[in-house]
Amino acid sequence: MTVSPAMEPATAQRAATRRRYLMCRPEHFTVAYTINPWMDPALGADAALAVAQWDRLRAAYLELGHEVELIDPLPGLPDMVFAANGALVVGGRAYGARFTHPERAAEGPAYATWLRTQGFELLEPSHTNEGEGDFLTLDHVILAGTGFRTDLAAHQEAQEFLGRPVVTLRLVDPRFYHLDTALFPLDGDNVAYYPGAFSPGSRSVLERLFPHAVLASEQDAAVLGLNAVSDGRNVVVNAEASTLITTLSTAGYHPVPVDLSELRKAGGGPKCCTLELRT
Ligand code: ARG
């Protein structure tokens, strides 16, 4: 009789699925105001360098076989590069964004118009929410952040419109003001996250939902290492998140390191620049 060892879910064969992303070239990128602790207008930012780093991110997606759509950047909206905040798109339906800060308010209608033109059924939100910055979609559940930007009422509005269960998670560290700065889906069933970004109750929820989660250190979180994009196998992640990159490799994923240090001056990383269009 053979006894098989206690097994973790298979790590040998991680499978990628082809994604469709929306991105916005940071032609008008700058740090002109402060709406999160990463932003210091006195330090400024280099738009040309931001564009070069962003171009490499886009190239990485194309090399992985993903599709990348582009929305035209608008002058006067330096944070429009952070396409994740433009909406939440699931099953061909788009839940529109309604920004917390007036500086970004005009981005909501800009993304909504693009999505409508592409044929997505769009709901104009009644409640403040910053799209995929605070809503992360897994196979059976949508994880939703609150505490800094997105209202609790928006979690319910999204659940009703999209017909998917939405689980609220409370963010408590101002450096990790959007859910996507503290957690990312590895695949349809599992996530990686930095526990210190969450309230005690939300940490317990995460432990219960994701017993096999990849846990990241504060050092990895502090370089926005959790602001990563996985296709189920390949994980596009900030290059400085070195411990996380090693952990992901050990767990059978293929890390794809990128340098988005210029965009981090506004508090953003790879995921912030990427809105997934799920049909
Ligand atoms: N400066 C932007 C803000 O504070 C950065 C947004 C980053 N986006 C994200 N999905 N986390 O709103």
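For the structure itself, look to the data block above.
The present account deals with the structure reproduced in this document.

Each value, and the rule that gives it
- Residues numbered from 1 in each chain as written.
- Predicted model: local features only at pLDDT ≥ 70, side-chain atom pairs only at ≥ 80, totals over all residues.
- Heavy atoms only, no water.
- Pairing = 2+ DSSP bridges.
- Helix = DSSP H or I, 4+ residues; strand = E, 2+ residues; numbered from the N terminus.
- Right-handed = clockwise from strand over helix to strand, strands pointing away.
- Salt bridge = Lys/Arg side-chain N within 4 Å of Asp/Glu carboxyl O.
- Phe/Tyr/Trp six-rings, centres within 6.5 Å; stacked < 30°, edge-to-face > 60°.
- 1 Å grid on protein atoms, 1.4 Å probe; cavity = no way out; pocket = protein on both sides within 12 Å on 5 of 7 lines; lining within 4 Å.
- Points joined across faces, edges and corners; volume = space filled by probe spheres on them.
- Nonpolar A, V, L, I, M, F, W, Y, C, P; charged D, E, K, R; others polar.

1. Comments concerning the pairing of strand E8 (residues 166-170)
Two faces make up the sheet, and in a regular strand the side chains alternate between them. Direction of pairing for strand E7 (residues 142-146) relative to E8: parallel, over a ladder of five bridges. Note on E8: the bridge partner recorded for Ala144 is Thr168. You can see the chain leave E7, run along helix H3 (residues 152-162) and come back into E8, and the turn it takes is right-handed.

2. Quick word on the pattern of salt bridges
Applying the stated criterion across every chain, the model contains 16 salt bridges. Its salt-bridge partner being Arg278, residue Glu132 comes within 2.8 Å of it at the nearest N-O pair. Of this pair, Glu132 sits in the loop between strand E5 (121-123) and strand E6 (135-137) while Arg278 sits in the segment after strand E15 (275-276), placing them 146 residues apart in sequence. Among the ionic contacts, a cluster of salt bridges with common partners joins Arg19, Glu132, Lys271, Glu276 and Arg278.

3. Digging into the packing of aromatic side chains
As enumerated under the stated definition, the model contains five aromatic pairs in all. Ring geometry for Tyr21 against Tyr61: centres 4.6 Å apart, planes inclined by 50 degrees, an arrangement best described as tilted. On the criterion of sequence distance, the pair formed by Tyr21 in strand E1 (residues 20-23) and Tyr61 in helix H1 (residues 47-63) is long-range, its members being 40 residues apart.

4. Side note on the layout of surface pockets
Put simply, the largest pocket is a space of about 780 Å³. Along its surface, the largest pocket is lined by 40 residues, and Pro185, Leu186, Asp187, Gly188 and Asp189 are the ones closest to its centre. Those elements giving two or more residues to the lining of the largest pocket turn out to be E6, strand E9 (183-185) and strand E12 (229-230). Considering every element that reaches the lining of the largest pocket, the biggest residue donor is E6, with three residues. Broken down by class, the residue content of the lining of the largest pocket amounts to 16 nonpolar, 11 polar and 13 charged.

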